[in-house]
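Here is how the chains run, residue by residue.
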Amino acid sequence: MRKFLLFFLFSLVFGQFNQIYNGFGIDLGTNGSGFFITRHYKHNSERFSLNSEIRFYDIKSENETIVINSYTGQYRTVGGKSLFMIPLFLGANYYHFASKIENNFSPFLTGRIGLFLSVDGKERGGFKERWGNPETQISPGGFIGAGIDVKMATNTFVSIMAGLESLKLKHQFDGMIDYSGGLIHISFNHRKK
């Protein structure tokens, strides 16, 4: 991982990455959903880009459901988990068909690695009781997949990708050690001026 980080930093300093895009988006995964912010450094050749992202990923339980209190008419969630993850990943996109497709879309392969923080609160009680003293751990993770960039306007594009994410913990939280699975990643990106 150190070699990858050194390559990433070396490429940023000495590479020809004049196109910088900032973005945000949503994630829909096997074990939950979330949102993220991202930054892309596109190489002048348009063959690859380097990227970084930080996400907030809310983990859902298989038994989680929403019920209505018949006396008050209010909705509430039951059977849920008080667990969320904050992945911080660095990676790259490879555009194999760069300059071969004349339309406004660019398919790519992607890979990302990094660390993620897991925060596990208590399952019962109010907000203060659940999140007053949560357990935490930091673990390595990653993502591999494929996607497509769709150019919307001069300085804007939407990126849609799907793949497999590795979110394996060092020790169990809420009865599971491995929260890996499929992930759909949708981002809206605008070129930095």
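Scoring rules and cut-offs
Residues numbered from 1 in each chain as written. Predicted model: local features only at pLDDT ≥ 70, side-chain atom pairs only at ≥ 80, totals over all residues. Heavy atoms only, no water. Core = buried A, V, L, I, M, F, W, Y, C linked by side-chain atoms within 4.5 Å. Buried < 20%, exposed > 50% of the residue type's maximum accessible area, 1.4 Å probe, protein only. Helix = DSSP H or I, 4+ residues; strand = E, 2+ residues; numbered from the N terminus. Phe/Tyr/Trp six-rings, centres within 6.5 Å; stacked < 30°, edge-to-face > 60°. Lys NZ or Arg CZ within 6 Å of the ring centre and 35° of its normal. Contact = heavy atoms within 4.5 Å. Pairing = 2+ DSSP bridges. Patch = residues over 30% accessible without salt bridge, like charges linked within 9 Å, V, L, I, M, F, W, Y side chains within 5 Å. Areas by Shrake-Rupley, 256 points an atom, 1.4 Å probe, with all protein chains shown as cover. Salt bridge = Lys/Arg side-chain N within 4 Å of Asp/Glu carboxyl O.

## Here's the deal with the nonpolar core
Core analysis: the biggest nonpolar cluster contains 16 residues, and Tyr-57, Ile-59, Met-85, Leu-167, Leu-169 and Tyr-179 have the highest contact counts within it. Secondary structure elements with two or more residues in this core: β3 (48-59), β6 (83-94), β7 (105-120) and β10 (168-173). When residues of this core are assigned to their parent elements, the largest contribution, three residues, is made by β6.

## Section: the packing of aromatic side chains
By the definition in use, this model includes five aromatic pairs. Relative to Phe-157, the ring of Tyr-21 has its centre 5.0 Å away and its plane inclined at 75 degrees; by these criteria the two rings are edge-to-face. Note that Tyr-21 is positioned in strand β1 (residues 19-29) and Phe-157 in strand β9 (residues 156-166), a separation of 136 residues in sequence. When sorted by exposure, Tyr-21 lands in the same class as Phe-157, which is buried. With a centroid separation of 5.8 Å and an interplanar angle of 35 degrees, the aromatic rings of Phe-24 and Phe-188 are classed as tilted. Taken as a pair, Phe-24 in strand β1 and Phe-188 in strand β12 (residues 181-191) lie far apart in primary sequence, 164 residues in all. These aromatic residues form a ring-pair network of at least three members: Phe-35, Phe-56 and Phe-84. In this structure, Lys-42 is placed above the aromatic ring of Tyr-21, and the distance from its NZ or CZ to the ring centre is 5.8 Å.

## A look at the environment of Gly-34
Turning to its location among the elements, Gly-34 is positioned in strand β2 (residues 32-42). Through-space distance from the C-alpha of Gly-34 to that of Tyr-57 is 4.3 Å; in sequence the pair is 23 residues apart. In this view, Gly-34 contacts Gly-25, Ile-26, Asp-27, Phe-56 and Tyr-57; residues no more than four positions away in its chain are not counted.

## Thoughts on the pairing of β7
Alignment of β6 against β7, held across 12 bridges, turns out to be antiparallel. The residue of β7 that forms the bridge with Phe-84 is Val-119. Summarising the sheet, β7 and strand β8 (residues 135-153) pair through 16 bridges and their orientation is antiparallel. The partner of Thr-110 across the bridge, within β8, is Gly-145.

## Examining a nonpolar patch on the surface
On the surface, Phe-24, Ile-37, Ile-54, Leu-88 and Phe-188 cluster together to form a nonpolar patch covering roughly 500 Å² of accessible area. The residue Ile-37 is located in strand β2 in this model.

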